[in-house]
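So you can see what is in the structure, the chains are spelled out below.
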Amino acid sequence: MSEAPGVQRPVSAERIHPGGLDLLVVPPRARTGWRVLPARVGAMCAVELQKLRHDRTELYTRAVQPALWLLIFGETFTRIRAIPTGGIPYLDYLAPGIIAQSAMFIAIFYGIMIIWERDAGILTKLLVTPTPRSALITGKAFAAGVKALIQAVVVVVIAALLGVAMTWNPLRLLGVAVAVVLGSAFFSCLSMTIAGIVLTRDRLMGIGQAITMPLFFGSNALYPVAVMPGWLQAISKVNPLSYQVDALRGLLLGTHAHLALDYGVLALAAALGILSASSLLGRLAR
């Protein structure tokens, strides 16, 4: 007898998805072992960078300050020739320092964002997921690095338009990107560590404003270490910004630099920053 009308035969998965497309009906296996942490760090970094798609105003407005430093401060002191730079035009000497400065200024207030996420209830939801706290912090730190890298590209373009003689060697530019990301990762973790201590945006804003200028002027971004007084030279030697500027200057201008030491200090500072910020994340979410 024929089958009753209206009764449909079950259709096999092979007929729906020929060619062995089992992933459409069978979920992929979860990552395990060493693959979990990089995947979740990448996911957190992608989530942070998605915010730029909705509001790019921050990138445009933050380009104004480095442009003014190069146009006004750099051009003026190039004419005065009051700062010894080893025969390099002062504008060329200044450009790597401004790249590091603009990256630091983006990262140093990153703790405000995590306090906002705490107040909005987002941070609590993230902490109940299986994602390790170190992955959350690392993802945010490297997202800050990518934002700073975009800012660095803007500064490099402005410097090139002003006639700064920089290298365009791809390997050296890759080294510049690594130095910018590592430095920004440290300063963003420093900001998130402070956020875990002070717990409020107002206090973080005050502390952030209080430490940015000492970090900047206590580095070799504006002048060589040799012209500093002794006490400031001591501060410069423990300031990660000095090592970042030294690496950027050596890579972009070809001046003498200690790249192995610079990258070592930046990597160690970023690792310690991630560790300290991760340890205080639970306190921030209470």
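Look up: the structure comes first, before these words.
Since we're looking at a predicted model, the values are computed, not measured.

Notes on the overall build of the protein
Step number 1: Of regular secondary structure, the protein possesses 13 helices and 0 strands.
Step number 2: Going residue by residue from the N terminus, the α and β elements of the protein occur as α-α-α-α-α-α-α-α-α-α-α-α-α.
Step number 3: Looking at the protein residue by residue over its 286 residues, the buried ones come to 43%.
Step number 4: Counting only contacts in the protein whose residues sit at least 6 apart along the sequence, the fraction spanning at least 24 positions is 77%.
Step number 5: Within the structure as shown, the protein displays about 15,300 Å² of accessible surface, and the carbon and sulfur contribution to it stands at 66%.

Digging into a nonpolar patch on the surface
Step number 1: On the surface, Val64, Leu68, Leu71 and Ile72 cluster together to form a nonpolar patch covering roughly 360 Å² of accessible area.
Step number 2: Relative to the elements of secondary structure, valine 64 occurs in helix α4 (residues 64–80).
Step number 3: Accessibility expressed as a relative area gives 47% for valine 64, which makes it partly exposed.

Overview of the nonpolar core
Step number 1: Counting residues in hydrophobic clusters, the biggest one holds 62 residues, and the most contacted among them are Leu70, Ile99, Ile114, Ile137, Val180, Phe187 and Phe216.
Step number 2: Aside from chain neighbours lying at most four places away, what touches isoleucine 114 is Leu123, Ile137, Lys140, Met192, Ala195, Leu281 and Leu284.

Some words on the environment of alanine 234
Step number 1: As for its placement among the helices and strands, alanine 234 is situated in helix α11 (residues 230–237).
Step number 2: Measuring from C-alpha to C-alpha, the distance between alanine 234 and glycine 218 comes to 9.2 Å, with 16 residues separating the pair along the chain.

Thoughts on helix α10 (residues 201–217)
Step number 1: Relative to the 24 Å expected for 17 residues at 1.5 Å per residue, α10 spans 25 Å between its end C-alpha atoms, a close match to the ideal helical length.
Step number 2: The complete set of buried residues in α10 reads Leu204, Gly208, Thr212, Leu215 and Phe216. In an axial view of α10, the angular spread of the buried residues amounts to 80°, which keeps them on one side of the axis. With respect to the buried face of α10, the exposed residues turned more than 90 degrees away are Asp202, Arg203 and Gln209.
Step number 3: Of the surrounding secondary structure, the elements contacted by the buried residues of α10 are α4, α5 (90–107), α6 (110–119), α9 (170–198) and α12 (240–253).
Step number 4: Its side-chain oxygen placed 3.4 Å from the backbone nitrogen of arginine 203, threonine 200 serves as the N-cap of α10.

Some remarks on the packing of α5 against helix α8 (residues 133–161)
Step number 1: Put simply, α5 and α8 touch, their axes get as near as 9 Å, and they point 150° apart. In this view, α5 runs roughly antiparallel relative to α8, as classed from their interaxial angle. Here α5 and α8 pass one another in a crossing that is right-handed. On α8, the residues touching Ala95, Ile98, Ile99, Ser102, Ala103 and Ile106 of α5 are Lys147, Ala148, Gln151, Ala152, Val155, Val156 and Ala159.
Step number 2: For the contact of α5 with α8, the residue count by class is 10 nonpolar, 2 polar and 1 charged.

Description of the packing of aromatic side chains
Step number 1: As enumerated under the stated definition, the model contains 8 aromatic pairs in all.
Step number 2: When the ring of tryptophan 69 is compared with that of phenylalanine 216, the centres are 5.3 Å apart and the planes differ by 85°; the resulting orientation is edge-to-face. Within this pair, whereas tryptophan 69 is found in helix α4, its partner phenylalanine 216 is found in helix α10, the two being separated by 147 residues in sequence.
Step number 3: On the accessibility criterion, tryptophan 69 (16% relative accessible area) is buried.
Step number 4: Note on phenylalanine 216 and phenylalanine 217: the rings are 5.3 Å apart at their centroids and 55° apart in plane angle, and the pair reads as tilted.
Step number 5: Look at phenylalanine 217 and you get partly exposed, because its relative accessible area is 33%.

Some details on α6
One turn of the α-helix equals 3.6 residues, which is why residues spaced by three or four share an orientation.
Step number 1: Restricting attention to buried positions, one finds in α6 the residues Tyr110, Gly111, Ile114, Ile115, Glu117 and Arg118. Looking down the long axis of α6, one finds its buried residues gathered within 155° of arc, a one-sided arrangement.
Step number 2: With its phi angle positive at about 85°, glycine 121 sits one or two positions after the end of α6.

A few points about the pattern of salt bridges
Step number 1: For the structure shown, the criterion picks out 3 salt bridges.
Step number 2: Of the charged contacts, one joins aspartate 119 and arginine 118 as a salt bridge, the two residues approaching to 2.7 Å between their closest N and O atoms.
Step number 3: A residue is classified by how much of its surface remains accessible, and aspartate 119, at 43% relative accessible area, is partly exposed.
Step number 4: Across the pair arginine 201 and aspartate 119 runs a salt bridge, and its minimum N-O distance is 3.1 Å. Separated by 82 residues along the polypeptide, arginine 201 in helix α10 and aspartate 119 in helix α6 bring together distant segments of the chain.
Step number 5: Exposure remark for arginine 201: the relative accessible area of 35% places this residue in the partly exposed category.
Step number 6: Residues joined by salt bridges that share partners form a network here, namely Arg118, Asp119 and Arg201.

What counts as what
Residues numbered from 1 in each chain as written. Predicted model: local features only at pLDDT ≥ 70, side-chain atom pairs only at ≥ 80, totals over all residues. Heavy atoms only, no water. Helix = DSSP H or I, 4+ residues; strand = E, 2+ residues; numbered from the N terminus. Buried < 20%, exposed > 50% of the residue type's maximum accessible area, 1.4 Å probe, protein only. Contact = heavy atoms within 4.5 Å. Areas by Shrake-Rupley, 256 points an atom, 1.4 Å probe, with all protein chains shown as cover. Patch = residues over 30% accessible without salt bridge, like charges linked within 9 Å, V, L, I, M, F, W, Y side chains within 5 Å. Salt bridge = Lys/Arg side-chain N within 4 Å of Asp/Glu carboxyl O. Core = buried A, V, L, I, M, F, W, Y, C linked by side-chain atoms within 4.5 Å. Expected span 1.5 Å × (residues − 1). Arc of directions from axis to C-beta. Polar contact = N/O pair within 3.5 Å; in protein donor to acceptor, adjacent residues only side chain to side chain. Axes fitted to C-alpha atoms, helices over the stretch in contact; angles between N-to-C directions. Parallel < 35°, antiparallel > 145°, perpendicular 65-115°, else oblique. Left-handed = near helix turned anticlockwise from the far one by under 90°. Nonpolar A, V, L, I, M, F, W, Y, C, P; charged D, E, K, R; others polar. Phe/Tyr/Trp six-rings, centres within 6.5 Å; stacked < 30°, edge-to-face > 60°.

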